[in-house]
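# Summary of structural features
So the chains spell out like this:
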Amino acid sequence: MIDAFILLLPCSFGLLAFWLSDNLIIAISIALIYLLSAFFLLKPWMKSLYERRRKRKESFRFISSFVISLALTGSLEKSYDGAISDASGEFGSVVKGIESEAVRDRIVYLNNYFEMESYRMFLSLYSLYEAQGGDLLDISKGLLDELTRIEESENAIEKEGKASMREYLIMWVISLGIFSFLRLGLANFYDALEKNPFFLCSISIFFAFFLGSILFYFYVYSGKPKLSFRRKKHEEKK
């Protein structure tokens with residue numbers, strides 16, 4: 001879906017720019033800039049967002065299932081198998097790759113996959129349970145309650161975000177429609193306008209402003225992810 005959007009966005013705006021300006025250089029430039037922006041910025045941002053959401057849900061299901069199953073059965077093996085029973089995609093590949101390890105080692109290793117504070121808290125509570133015994137469900141009750149609250153809150157935010165995105169896109173579609181009507185409304189003057197550098201410049205500025213607006217919106221929508229060069233610098237410092 002993301003790849004289709006990356007191709008559709010530059011092609012659509014390149015064609016629209018050509019229809020408005022009748023200038024092949026402007027149209028190709030706009031299509032190329034949109035393509036590069038979509039490929040190097042929008043795609044990584046959205047993939048990062050979907051990955052965080054997916055791992056959050058997988059972590060929530062794993063912790064909840066494991067804790068409840070271990071409290072009921074007392075079997076570490078059965079609890080782990082039940083917690084990964086619906087694992088698929090990247091998560092499924094990870095658990096398959098560590099199936100030869102001891103169960104406890106597998107549980108610890110999954111921290112490298114989830115990379116979430118909630119999972120690290122779960123590991124701390126599990127270590128406490130191993131050291132002192134007791135009821136794991138009782139020990140983890142606070143964490144499970146907090147995870148449930150976070151999951152419900154994130155689901156609500158995700159729903160509101162989708163509604164906000166629809167409204168945002170509709171607003172810009174209307175704006176593009178109004179701008180496009182210039183081509184029809186000023187048909188009698190368009191031959192002269194197409195050769196006017198100020199008119200061509202205004203078209204370029206409009207598409208540049210539209211691109212900037214899209215990038216800013218999706219940057220915020222995806223949780224303000226770190227840009228790749230900033231992430232590399234951060235990793236080098238570590």
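The paragraphs below set out a description of the structure included in this document.

Basis of the calculations
- Residues numbered from 1 in each chain as written.
- Predicted model: local features only at pLDDT ≥ 70, side-chain atom pairs only at ≥ 80, totals over all residues.
- Heavy atoms only, no water.
- Salt bridge = Lys/Arg side-chain N within 4 Å of Asp/Glu carboxyl O.
- Helix = DSSP H or I, 4+ residues; strand = E, 2+ residues; numbered from the N terminus.
- Phe/Tyr/Trp six-rings, centres within 6.5 Å; stacked < 30°, edge-to-face > 60°.
- Buried < 20%, exposed > 50% of the residue type's maximum accessible area, 1.4 Å probe, protein only.
- Lys NZ or Arg CZ within 6 Å of the ring centre and 35° of its normal.
- Core = buried A, V, L, I, M, F, W, Y, C linked by side-chain atoms within 4.5 Å.
- Contact = heavy atoms within 4.5 Å.
- Arc of directions from axis to C-beta.
- Axes fitted to C-alpha atoms, helices over the stretch in contact; angles between N-to-C directions.
- Left-handed = near helix turned anticlockwise from the far one by under 90°.
- Nonpolar A, V, L, I, M, F, W, Y, C, P; charged D, E, K, R; others polar.
- Expected span 1.5 Å × (residues − 1).

## Things to note about the pattern of salt bridges
Using the criterion set out here, one finds 13 salt bridges in the structure. Across the salt bridge formed by Glu117 and Arg120, the nearest N and O atoms sit 3.2 Å from each other. Remark: Arg120 and Glu117 occur in helix H6 (residues 117-132); sequence separation between them is three residues, near one turn of the helix. Among the charged side chains, a salt-bridge network with shared partners connects Arg56, Lys57, Glu151 and Glu154.

## Some points on the packing of aromatic side chains
A full pass over the atoms with the stated rule returns 27 aromatic pairs. Taken together, a centroid distance of 5.3 Å and an interplanar angle of 55° make the contact between Tyr119 and Phe122 tilted. Of the two residues, Tyr119 and Phe122 both sit in helix H6, three residues apart, roughly one turn of that helix. Residues Tyr119 and Phe122 agree in their burial class; the two are buried. A centroid spacing of 5.5 Å and a plane angle of 80° characterise the contact between Tyr217 and Phe218, whose relative ring orientation is edge-to-face. Here the guanidinium or amino end of Lys55 rests over the ring plane of Tyr113, the centre of that ring lying 4.6 Å away.

## Side note on the nonpolar core
If you look at the biggest cluster of nonpolar residues, it comprises 33 residues, and the most contacted ones within it are Phe13, Tyr34, Leu42, Phe207 and Phe218. Counting residues per element, the ones that place at least two in this core are helix H1 (2-21), helix H2 (24-73), helix H8 (141-185) and helix H10 (197-221). Residues contacting Phe207, with those up to four places away along its chain left out, are Phe13, Leu16, Ala17, Leu20, Ile30 and Tyr34. In this structure, Ile98, Tyr113, Phe122 and Leu144 belong to the second largest nonpolar core, which totals 27 residues.

## A short note on helix H4 (residues 89-97)
For the α-helix, the turn length of 3.6 residues means that residues three or four positions removed from each other point alike. Within the sequence span of H4, burial applies to Phe91, Gly92, Val94 and Val95. Viewed end-on, H4 has its buried residues packed into an arc of 160°, placing them on one side of the element. In H4, the exposed residues that point more than 90 degrees away from the buried face are Gly89, Ser93, Lys96 and Gly97. Considering only its buried residues, H4 is in contact with H2, helix H3 (76-83) and helix H5 (103-114).

## Concerning the side chain of Asn111
Within the secondary structure, Asn111 is located in helix H5. Dropping the residues within four chain positions of it, Asn111 is found in contact with Met116, Tyr119, Arg120 and Leu123.

## Some details on the packing of H4 against H5
The contact between H4 and H5 brings their axes to 11 Å, and the two run at 145°. Helix-helix and strand crossings are classified by hand; for H4 and H5 the assignment is right-handed. Two secondary-structure elements touch here, H4 through Glu90, Phe91, Val94 and Val95 and H5 through Tyr109, Leu110, Tyr113 and Phe114. Residues that form the contact of H4 with H5 fall into these classes: seven nonpolar, no polar and one charged.

## Let's talk about H5
Along its twelve residues, H5 runs 17 Å from first to last C-alpha, staying within 8% of the 16 Å computed at 1.5 Å per residue. When we look at burial in H5, the residues that qualify are Val103, Arg106, Ile107, Leu110, Asn111, Tyr113 and Phe114. Burial along H5 is one-sided: seen end-on, the buried residues are contained in an arc of 165°. Buried positions along H5 lie against H2, H3, H4 and H6.

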